[in-house]
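# Per-entry structural report
So you can see what is in the structure, the chains are spelled out below.
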Amino acid sequence: MEGLILPKSESGLDSTVETHRTMKRKMALSNCEACGCREAKYRCPGCTKHSCSLPCVKRHKSESGCSGVRDKAAFVPVGKFDEMNLLSDYRFLEDTGRLADGANRDALIHKPISNKFLRFLKSRARKFDLELKFLPIGFTKRKENTTFFNKRDNKFFWHLKLIFPQSHTEYVARRVPDDRTLDEILNLYIHPTESDPTIRQKLKVYVLSSCTQKIFMKVENRKSNSLRYYELDSKKSLLENLKNKTVIEYPVLHIVLEDHFHQYVGLGQAETKEGNEESSAGIPVKESEEQEEGEIQDDTDGVKAIGQQYVIQTLNPE
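Residues numbered from 1 in each chain as written. Predicted model: local features only at pLDDT ≥ 70, side-chain atom pairs only at ≥ 80, totals over all residues. Heavy atoms only, no water.

Here the UniProt feature "domain: HIT-type" (unreviewed entry) sits at residues 32-66. Secondary structure across residues 32-66 comprises 31% helix and 11% strand; the distance between its end C-alpha atoms is 16 Å. (UniProt positions renumbered as here; feature names shortened; annotations may be inferred. Helix = DSSP H or I, 4+ residues; strand = E, 2+ residues; numbered from the N terminus.)

What follows is the structure in structure tokens.
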């Protein structure tokens, strides 16, 4: 077999067989380190502890936390370096080369990052009535974005970030097809039976809650002191929810429970609310204007109205 190093002489073969027999005799003389009452038959490749049976091996792994996998990169002194160590190192290098070759063949990892590729994604997004923008090189979102477009299927496979604020947890989903509904995406996280048990435990606030849940996405290209959110439809696909919206790098979805809806102000809802408000002087605020936090508003009309009331009260004293 290629890569196998055979002894050059019969004396070398005899010495290898004798070493193996010696190791077996030493193992037989020692007791199982898990139960301590039987002769050892096996030795853990990870920590070299002896055991006698499969239940003892499992007990050893559960108690010590040992993985049972040999450390291929462990240091071996020159005096103890033999042919088996040489063969192990050779196989370790082969595995490393195989892993690197597999990574180079992966389209997701080895995707082009040129401006031509980004322009292609933008043009495809425009055909789906979606404005896709990218950050300059060096930004974190630019580095971690794995979104790509499959020409054969004619659809996007999105890099998606899901934020669960009531559990203080967030997850990243990769290669999410654009025709998958939001309910199908969330079932992998908060469904009572279909989700992963580990994730379900972290998100038990959402799993056990009987309150209504909504999905929000931040409106881009707005000032930081005037955040607004889109409310998405969980029954529709990801692409349908992203239509006529602006996405920077990849979508970031906020899954919110009913008690915290007020923290996510909708775009149209905010304008309607401000349009119906009245100032303390009884002067309605203009519906077409939205005052930013810290902005100085011209209140000339209000001063005039207050002045007129003051004049009327002066001319007509009670």
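Having put the structure on the table, let's press on.
Turning our attention to the packing of aromatic side chains. Here the structure, examined in full by the defined rule, presents 13 aromatic pairs. For the pair F120 and F149, a centre-to-centre distance of 5.9 Å together with 75 degrees between the ring planes defines the contact as edge-to-face. Taken together, the residues span a long stretch of sequence, with F120 in helix 4 (residues 115-127) and F149 in strand 4 (residues 148-150) at a distance of 29 residues. With relative accessibility at 9%, the residue F149 sits in the buried group. Note on F128 and F156: the rings are 6.1 Å apart at their centroids and 70 degrees apart in plane angle, and the pair reads as edge-to-face. Pair noted here: F128 is in the loop between helix 4 and strand 3 (131-133) and F156 is in strand 5 (residues 155-164), with a separation of 28 residues, a long-range link. The ring of Y250 carries K141 above its face, with NZ or CZ at 4.8 Å from the centroid. One residue, K151, lies across the ring of F120, its end atom 5.1 Å from the ring centre. (Phe/Tyr/Trp six-rings, centres within 6.5 Å; stacked < 30°, edge-to-face > 60°. Buried < 20%, exposed > 50% of the residue type's maximum accessible area, 1.4 Å probe, protein only. Lys NZ or Arg CZ within 6 Å of the ring centre and 35° of its normal.)

What follows is about the nonpolar core. Within the largest apolar cluster, 36 residues are counted, with the highest numbers of intra-cluster contacts made by L162, F164, Y189 and L253. Those elements that provide at least two residues to this core are helix 4, strand 5, strand 6 (169-177), helix 6 (182-190), helix 8 (204-208), strand 7 (213-218), helix 9 (238-242) and strand 10 (252-257). In contact with F164, other than residues within four places in its own chain, are T169, Y171, L186, Y189, I190, L203, Y206 and I255. Counting residues in hydrophobic clusters, the runner-up holds five residues, among them F216, Y229, V256 and F261. (Core = buried A, V, L, I, M, F, W, Y, C linked by side-chain atoms within 4.5 Å. Contact = heavy atoms within 4.5 Å.)

Here we come to the environment of Y42. Topologically, Y42 is positioned in strand 1 (residues 42-43). Separated by 11 residues in sequence, Y42 and S53 have C-alpha atoms that sit 7.6 Å apart.

Attention now moves to the side chain of S167. With respect to the element layout, S167 can be found in the loop between strand 5 and strand 6. Using a relative accessible area of 15% as the deciding quantity, one classes S167 as buried. Residue contacts for S167: discarding those within four places in its chain leaves K202, L203, V205 and Y206.

This brings us to the environment of F120. For F120, a relative accessible area of 21% translates into the label partly exposed. In this structure the C-alpha to C-alpha distance between F120 and F148, which are 28 residues apart in sequence, comes to 9.9 Å. Apart from the residues within four sequence positions on either side, F120 is in contact with F149 and K151.

The tally for this structure, following the rule as stated, stands at 11 salt bridges. Here K161 makes a salt bridge to E170, at a shortest N to O gap of 3.9 Å. For K161, a relative accessible area of 16% translates into the label buried. The structure contains a network of salt bridges with shared partners spanning K72, D95 and R98. (Salt bridge = Lys/Arg side-chain N within 4 Å of Asp/Glu carboxyl O.)

Right, let's get into the pairing of strand 6. Regular strands place their side chains on alternate faces of the sheet. Note: strand 5 against strand 6, seven bridges, orientation antiparallel. Across the sheet, residue L162 finds its bridge partner in strand 6, namely Y171. Counted between consecutive antiparallel strands, the loop separating strand 5 from strand 6 contains four residues, among which H168 sits at a positive phi close to 55 degrees. (Pairing = 2+ DSSP bridges.)

The next point concerns helix 4. Counted at 1.5 Å a residue, the expected span for helix 4 with its 13 residues is 18 Å, and the 19 Å between its end C-alpha atoms agrees. Among the residues making up helix 4, those that are buried are F117, L118, L121 and A125. Relative to the axis of helix 4, the buried residues are bounded by an arc of 100 degrees and lie together on one face. Counted as exposed and oriented over 90 degrees from the buried face of helix 4: N115, K116, R119, R126 and K127. Packed against the buried residues of helix 4 are strand 3, helix 5 (140-144), strand 4 and strand 5. Among the residues trailing helix 4, D129 stands out with phi positive, at a value near 60 degrees. (Expected span 1.5 Å × (residues − 1). Arc of directions from axis to C-beta.)

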